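Overview (structure and organization)
What follows is the residue order along each chain.
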Amino acid sequence: MSDNEIILKALYDAVEQVNIDLPADQKLAKSPVTVLFGPGSSLDSLGLVNLIVAAEQKIDENMSVAISIADERAMSQKNSPFRTIQTLADYIDILVQEKTNA
Amino acid sequence: MPDSPVMVITGTSKGIVKYLVGYYTDKGYRVAGCSRGETDYKIDNYRHFCLDVSSEDDVKKMFSAIRRDFGRLDALINNAGVASMNHSLLTPMSSVDKIFKTNLYGTFLFCREAARLMQTNKFGRIVNFATVATPLKLEGEALYASSKAAVVSLTEILARELADFGITVNAVGPTPVKTDLIKSVPVEKMDSLINRQAIRRYGEFRDISNAIDFFIQPESDFITGQVIYLGGV
Ligand SMILES: NC(=O)c1ccc[n+]([C@@H]2O[C@H](COP(=O)([O-])OP(=O)(O)OC[C@H]3O[C@@H](n4cnc5c(N)ncnc54)[C@H](OP(=O)(O)O)[C@@H]3O)[C@@H](O)[C@H]2O)c1
């Protein structure tokens, strides 16, 4: 599996974890285009926090890299990395590469 | 005991906590603790991590190990702390840095990492350490007392942010207890301080564990964002 596939898989695991607490009509689909943040998202702010925490844990478990996804850089990007599962995976990929090359 | 509750205690090499580690392992907790130095004791069901509480990387590694090996976290006792008795005009920035890093940054970092682990079970108890030096406005302890005032503020706001996760956050504010922390403070100073308490005696370790017991018991799920100052301060 490429890093990007491992990251997507970790994000799907995280989605599964947060879905447990979401009502049936708000559960997230395990797909790259699922909207996480902004218009069209079924997550409230606490739900997004839960997802990010779960994602960091899954990345740590599956890749043994401890990253902080919600850093100042993520918050200040013009295009939010939290928009969809794919944009989040791309952003995590950068963070993981930076950590492993450091 | 794979299903017994798990507690993290910081600052375990000496002082108040050496007692707390034995007290809570006796009560059936598996305890993980940390300090910069090694411990001079060995207790069953206690696992030690050598780290500085303000080092983000090390703290994250400690919590990864706890998640992997224990799989749960029920309580966090944020005890690690440093004090420095000095007139503000004579206080070097290096001690300001050390005090805030240990007392505030360390407390925050452990709260954050612990809450991440606790929220998976929708249950958690966090107890931070304040001090009577803050409400008594002790001269000579400006930086120590203000770092602990920040801990109180942190406690009150985290209580709100973490309530939805089933996590309570409270603090205990001990009066002077005879440990290394206060050994350099002159006796007259201590006596005049103790005279300002409603109940005039030194604090005992059991006074602190009693307040912690109250906060962490399952029945205290409606108690959060509170500070209990001991001795009636
Ligand atoms: N004793 C009192 O009269 C009194 C009164 C009010 C409040 N308190 C509070 O009670 C708590 C415990 O005090 P105590 O009297 O037991 O203090 P203590 O005897 O000085 O012990 C402090 C512990 O914290 C650890 N520690 C200090 N800095 C650390 C760091 N940067 N990273 C990791 N561990 C660190 C120390 O171990 P290492 O040196 O090995 O790291 C030690 O195990 C503190 O929060 C203190 O503010 C105490």
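Attention now moves to the overall build of chain B. A tally of regular secondary structure across chain B gives six helices and seven strands. Mapped in sequence order, the helices and strands of chain B form the string β-α-β-β-α-β-α-β-α-β-α-α-β. Taking 2.2 N^0.38 as the reference for a compact globule, 233 residues should give roughly 17 Å; the C-alpha atoms of chain B span a radius of gyration of 17 Å, in line with that estimate. Counting only C-alpha atoms, chain B reaches 50 × 35 × 35 Å along its principal axes. For chain B, the share of sequence-separated contacts (at least 6 apart) that also reach a separation of at least 24 residues comes to 70%. Roughly 11,000 Å² of accessible area belongs to chain B as shown, and the carbon and sulfur atoms make up 53% of that amount. Of the charged side chains in chain B, 28 are positive and 26 negative; the average position of the first set lies 1 Å away from that of the second.

Taken as a whole, this structure holds 21 salt bridges over all chains when the rule is applied. Here D180(B) and K183(B) are joined by a salt bridge, their closest N and O atoms 4.0 Å apart. The exposure class of K183(B) is exposed, given its relative accessible area of 63%. Within the structure, one salt-bridge network assembled from shared partners comprises K58(A), D60(A), E61(A) and R67(B).

Moving on, we get to the interface of chain A and chain B. Bring the parts together and some accessible area is lost; that lost area is often taken as the interface size. On the side of chain B, twelve residues touch chain A, which itself brings 13 residues to the contact. Across the chain A to chain B interface the summed buried area is about 1,000 Å²; carbon plus sulfur atoms make up 39%. The largest share of the area that chain A buries against chain B comes from L46(A), V53(A) and Q57(A), three residues that together contribute 38% of it. At the junction of chain A with chain B, the criterion picks out five salt bridges. The salt bridge involving D60(A) is made with R67(B); its shortest N-O contact spans 3.1 Å.

We now examine the nonpolar core. V8(B), M62(B), F63(B) and F110(B) are the most contacted members of the largest nonpolar core, which has 33 residues in total. Contributions of two or more residues to this core are made by strand 1 (6-10), strand 2 (30-35), helix 2 (56-69), helix 3 (93-118), helix 4 (142-162) and strand 6 (167-173) of chain B. If one sorts the elements of this core by residue count, helix 3 of chain B sits on top with eight residues. If sequence neighbours within four positions are ignored, M62(B) has contacts with V8(B), A32(B), G33(B), C34(B), F49(B), L51(B) and F110(B). Core analysis: the next-biggest nonpolar cluster, separate from the first, contains 31 residues, V18(A), L22(A), I67(A) and I85(A) among them.

The subject of this paragraph is the pairing of strand 5 (residues 124-129) of chain B. Residue and element names in this part refer to chain B. Strand 5 sits mainly inside the fold: six of its six residues count as buried. Side chains G124, I126 and N128 of strand 5 all project onto a buried face; the interleaved residues R125, V127 and F129 project onto the opposite face, where all are buried too. Across four bridges, strand 4 (residues 75-78) lies against strand 5 in parallel orientation. Directly across from A75, in strand 5, lies its bridge partner R125. Alignment of strand 5 against strand 6, held across six bridges, turns out to be parallel.

On to the site of the ligand. Residue and element names in this part refer to chain B. Close contacts around the ligand come from 30 residues, with R36, N79, Y144, V177 and T179 the closest. A distance of 2.7 Å separates an oxygen atom of the ligand from a polar atom in the side chain of R36. Note that a nitrogen atom of the ligand is positioned 2.9 Å from one of the backbone N or O atoms of V53. For the ligand, whose unbound accessible area comes to 880 Å², protein coverage reaches 95%. Grouping the amino acids of the shell around the ligand by side-chain chemistry returns 13 nonpolar, twelve polar and five charged.

Turning next to the environment of F123(B). Inspection of the secondary structure puts F123(B) in the loop between helix 3 and strand 5. Spatially, the C-alpha atom of F123(B) lies 9.9 Å from that of R72(B), the residues being 51 residues apart in sequence.

Looking now at the sheet that holds strand 6 of chain B. Residue and element names in this part refer to chain B. Read across the sheet, seven strands follow the order 3-2-1-4-5-6-7 without closing on themselves; strand pairing throughout is parallel. Only two strands of the sheet have a single neighbouring strand rather than two, namely strand 3 (46-50) and strand 7 (227-229). Across the sheet, the mean angle separating the axes of adjacent strands is 15 degrees when strand polarity is ignored. The sheet contact formed by strand 1 and strand 4 spans three bridges and is parallel.

How each quantity is defined
Residues numbered from 1 in each chain as written. Chains lettered and ligands numbered in written order. Predicted model: local features only at pLDDT ≥ 70, side-chain atom pairs only at ≥ 80, totals over all residues. Heavy atoms only, no water. Helix = DSSP H or I, 4+ residues; strand = E, 2+ residues; numbered from the N terminus. Rg over C-alpha atoms; globule rule 2.2 N^0.38 Å. Contact = heavy atoms within 4.5 Å. Areas by Shrake-Rupley, 256 points an atom, 1.4 Å probe, with all protein chains shown as cover. Lys, Arg positive; Asp, Glu negative; His and termini not counted. Charge placed at Lys NZ, Arg CZ, Asp CG, Glu CD. Salt bridge = Lys/Arg side-chain N within 4 Å of Asp/Glu carboxyl O. Buried < 20%, exposed > 50% of the residue type's maximum accessible area, 1.4 Å probe, protein only. Buried area = accessible area lost by both parts, 1.4 Å probe. Core = buried A, V, L, I, M, F, W, Y, C linked by side-chain atoms within 4.5 Å. Pairing = 2+ DSSP bridges. Near = heavy atom within 4 Å. Polar contact = N/O pair within 3.5 Å; in protein donor to acceptor, adjacent residues only side chain to side chain. Nonpolar A, V, L, I, M, F, W, Y, C, P; charged D, E, K, R; others polar. Axes fitted to C-alpha atoms, helices over the stretch in contact; angles between N-to-C directions.

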